[in-house]
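# Chain and residue survey
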Amino acid sequence: MDNIFANLFRFKRYSLQTKVVLITTLFLIVVPAIYFFFCEYGNLNMPERIISSFFQSVTTRTAGFNSQDLSQMNESGVAVMIILMLIGGSPGSTAGGMKTVTFAVVFLAAITVFSRRKDVQAFKRRIGDDIVRNAGAVLFMYLSLAFI
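A short tour of the structure in this document, coming up. (Residues numbered from 1 in each chain as written. Predicted model: local features only at pLDDT ≥ 70, side-chain atom pairs only at ≥ 80, totals over all residues. Heavy atoms only, no water.)

Let us look at the pattern of salt bridges. On inspection of all chains with the given rule, the structure shows two salt bridges. Between Arg126 and Asp129 there is a salt bridge, and its shortest N-O distance comes to 3.7 Å. Residue Asp129 is classed as partly exposed on the basis of its relative accessible area, which comes to 43%. Salt bridges linked by common partners bring Asp119, Arg126 and Asp129 together as one network. (Salt bridge = Lys/Arg side-chain N within 4 Å of Asp/Glu carboxyl O. Buried < 20%, exposed > 50% of the residue type's maximum accessible area, 1.4 Å probe, protein only.)

What follows is the structure, given as structure tokens:
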């Protein structure tokens, strides 16, 4: 928050972590909300459908509240919610999960492998191999615990 207040709306001046947190959080709100809107809440009127989709997208990573009957959700909707719960909130928050930055590093590492580049990068800055290894280890631990 200090970084955002110090630089206001000058995104280029934000630290790498602030940029990653903001972009990842936006992605983890919008993409699941679109899924919930089209696949889960078709029986609601439009304003309620929009609000419920965004609420469910945010609350699964933070508080765990629900505004709709979860027993009425499809299995794929429940799977999306479980993935969001495993990811959790951003560093410094009280939300559980592996944290959004860890998810972003693993995601960027996968993109790096698929695009056959040598270094993991975000916003034209290299992410160290030790950080990528730690993120992979945390992901492995969370997936292992989830499957057990």
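Attention now goes to unusual backbone geometry. Positive phi, close to 45°, is recorded for Leu8, a residue that is not glycine. Residues other than glycine seldom take positive phi values, yet Arg116 does so here, at roughly 60°. Turning to its location among the elements, Arg116 is positioned in the loop between helix H5 (100-114) and strand S1 (121-122). (Helix = DSSP H or I, 4+ residues; strand = E, 2+ residues; numbered from the N terminus.)

The next subject is the side chain of Lys99. Following the sequence through the fold, Lys99 ends up in the loop between helix H4 (75-87) and H5. No salt bridge is formed by the buried Lys99; the nearest opposite charge belongs to Asp2, separated by 18 Å. Ignoring sequence-local partners within four residues, the contact set of Lys99 consists of Ile87, Gly89, Ser90, Pro91 and Ser93. (Lys, Arg positive; Asp, Glu negative; His and termini not counted. Contact = heavy atoms within 4.5 Å.)

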